[in-house]
Amino acid sequence: MVNADATELDKFSQLAHRWWDPSSEFKPLHDINPLRLGWIDHHASLAGKNVLDVGCGGGILSESMAEFGATVTGIDLSEKALGVARLHLLESGRQVSYRHVSVEDLAQEMPSAFDAITCMELLEHVPRPASVISACAALVKPGGHVFFSTLNRNAKAYLLAVIGAEYVLGMLPKGTHEYAKFIRPSELSRWAKGARLEPDELIGMSYNPLSKRYWLGSDTDVNYLMHTVKITA
């Protein structure tokens, strides 16, 4: 049984043609990409590494990691998003291998194949996030890096990420997020440890709607990122 919500897949597939438009619904992804890319490279030193981008969508992060010198594979369950990602390679000239496969199936096919794995803004959209985390753990080499980003589950996150971002500021389409699927850092940490991924850093991502600026810092109340390392013994 594929670990995906058909409604979620359809929602993002319908917007796939706008993925690379920096003024579209995907503007937040374009805006935060330099921040998360720099953070990932700081921990994993991407140049020369074999990297997997889980839930790659149209390939914004995948292409950026390739530009940093990584050999990148991007996987997604949206054929339309992958089509857009492949087309954009013709424009950018970068090299990324895109595949239509679930992370669980790829884990069966390529265990311990990657130096680093990114799973960004995906866990809050799947029925069984712990299954994704376990598959990522199976795919990464011992001592390798796995990066997650998701949304905290609390009143502040609901007000800012759902009411504020979707209904007041219109930064995201209405219905982008389902609050019940948000994940507390303690839950993500527990699932990661259960999969033999040791949490190394938890960092928050904040946004100022007046200056329209994003930054990384200690506030993990809404958006946060977690760096984990695969236990070697």
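Refer to the structure above for everything that follows.
Residues numbered from 1 in each chain as written. Predicted model: local features only at pLDDT ≥ 70, side-chain atom pairs only at ≥ 80, totals over all residues. Heavy atoms only, no water.

Chemist: Help me out: how do you make sense of the layout of surface pockets in this one?
Modeler: Gaps left between atoms are located by rolling a probe of water-molecule size over the structure's atoms. In this structure, the second largest pocket spans a volume of roughly 220 Å³. Lining the second largest pocket are 13 residues, and of these K27, D31, M171, Y207 and K212 lie nearest its centre. Mapped onto the lining of the second largest pocket, the elements with two or more residues apiece are helix 2 (27–44) and strand 7 (213–217). Looking at the lining of the second largest pocket element by element, the count peaks at three residues for helix 2. (1 Å grid on protein atoms, 1.4 Å probe; cavity = no way out; pocket = protein on both sides within 12 Å on 5 of 7 lines; lining within 4 Å. Points joined across faces, edges and corners; volume = space filled by probe spheres on them. Helix = DSSP H or I, 4+ residues; strand = E, 2+ residues; numbered from the N terminus.)

Chemist: Please clarify how the pattern of salt bridges should be interpreted in this entry.
Modeler: Pairing between side chains of opposite charge can happen when the charged atoms of each approach one another. With the rule as written, the count across this model stands at 14 salt bridges. Taking the shortest distance from any N to any O, the salt bridge between R99 and E109 comes out at 3.0 Å. With R99 in strand 3 (residues 96–100) and E109 in helix 5 (residues 103–109), the pair connects residues that are ten residues apart, well separated along the chain. Classification of R99 by relative accessible area gives partly exposed; the value is 27%. We classify E109 as partly exposed; its relative accessible area is 47%. The salt bridge involving E178 is made with K181; its shortest N-O contact spans 3.8 Å. Where salt bridges share partners, they join D5, E178 and K181 into one cluster. (Salt bridge = Lys/Arg side-chain N within 4 Å of Asp/Glu carboxyl O. Buried < 20%, exposed > 50% of the residue type's maximum accessible area, 1.4 Å probe, protein only.)

Chemist: When you look at a nonpolar patch on the surface in this model, what are you seeing that I'm missing?
Modeler: Judged by side-chain polarity, Y158, L159, L160, I163, Y167, V168 and L169 come together as a nonpolar surface patch covering roughly 670 Å² of accessible area. Here V168 shows up in helix 7 (residues 155–168). You can call V168 exposed: its relative accessible area is 62%. (Patch = residues over 30% accessible without salt bridge, like charges linked within 9 Å, V, L, I, M, F, W, Y side chains within 5 Å. Areas by Shrake-Rupley, 256 points an atom, 1.4 Å probe, with all protein chains shown as cover.)

Chemist: Which parts of the structure should I look at to understand the packing of helix 2 against helix 3 (residues 60–67)?
Modeler: A packed helix pair is summarised by two numbers, namely the angle formed by the two axes and the spacing between the axes. Close contact between helix 2 and helix 3 brings their axes to 10 Å; oriented N to C, the two are set at 40°. Relative to helix 3, the element helix 2 lies oblique. The handedness of the crossing between helix 2 and helix 3 comes out as right-handed. Residue-level contacts link L29, H30, N33, R36, L37 and I40 of helix 2 to I60, L61, S64 and M65 of helix 3. A per-class count over the contact of helix 2 with helix 3 returns six nonpolar, three polar and one charged. (Axes fitted to C-alpha atoms, helices over the stretch in contact; angles between N-to-C directions. Parallel < 35°, antiparallel > 145°, perpendicular 65-115°, else oblique. Left-handed = near helix turned anticlockwise from the far one by under 90°. Contact = heavy atoms within 4.5 Å. Nonpolar A, V, L, I, M, F, W, Y, C, P; charged D, E, K, R; others polar.)

Chemist: Explanation requested: the pairing of strand 5 (residues 140–151) in the structure shown.
Modeler: Taken across its twelve residues, strand 5 has nine buried, putting it largely inside the fold. Relative to strand 5, strand 4 (residues 114–120) runs parallel, the two being bridged by six bridges. By the bridge assignment for strand 5, A116 is matched with H145. With seven bridges joining them, strand 5 and strand 8 (residues 223–230) adopt antiparallel strand pairing. Paired with F147 across the two strands is H227, which belongs to strand 8. (Pairing = 2+ DSSP bridges.)

Chemist: When you look at the packing of aromatic side chains in this model, what are you seeing that I'm missing?
Modeler: Each aromatic ring pair is described using two quantities: the centre-to-centre distance and the angle formed by the ring planes. In total, this model carries five aromatic pairs according to the counting rule given. Ring centres 5.4 Å apart and planes at 75° place the aromatic pair Y158 and Y179 in the edge-to-face group. Here Y158, found in helix 7, pairs with Y179, found in the loop between helix 7 and helix 8 (185–194); they are 21 residues apart in sequence, far enough to count as distant. In this structure Y179 comes out as partly exposed when scored by relative accessible area, which is 28%. With a centroid separation of 5.5 Å and 70° between ring planes, the pair formed by Y179 and F182 is classed as edge-to-face. The class of F182 is buried, set by a relative accessible area of 2%. A network of ring pairs unites the aromatic residues Y158, Y179 and F182 as a single cluster. (Phe/Tyr/Trp six-rings, centres within 6.5 Å; stacked < 30°, edge-to-face > 60°.)

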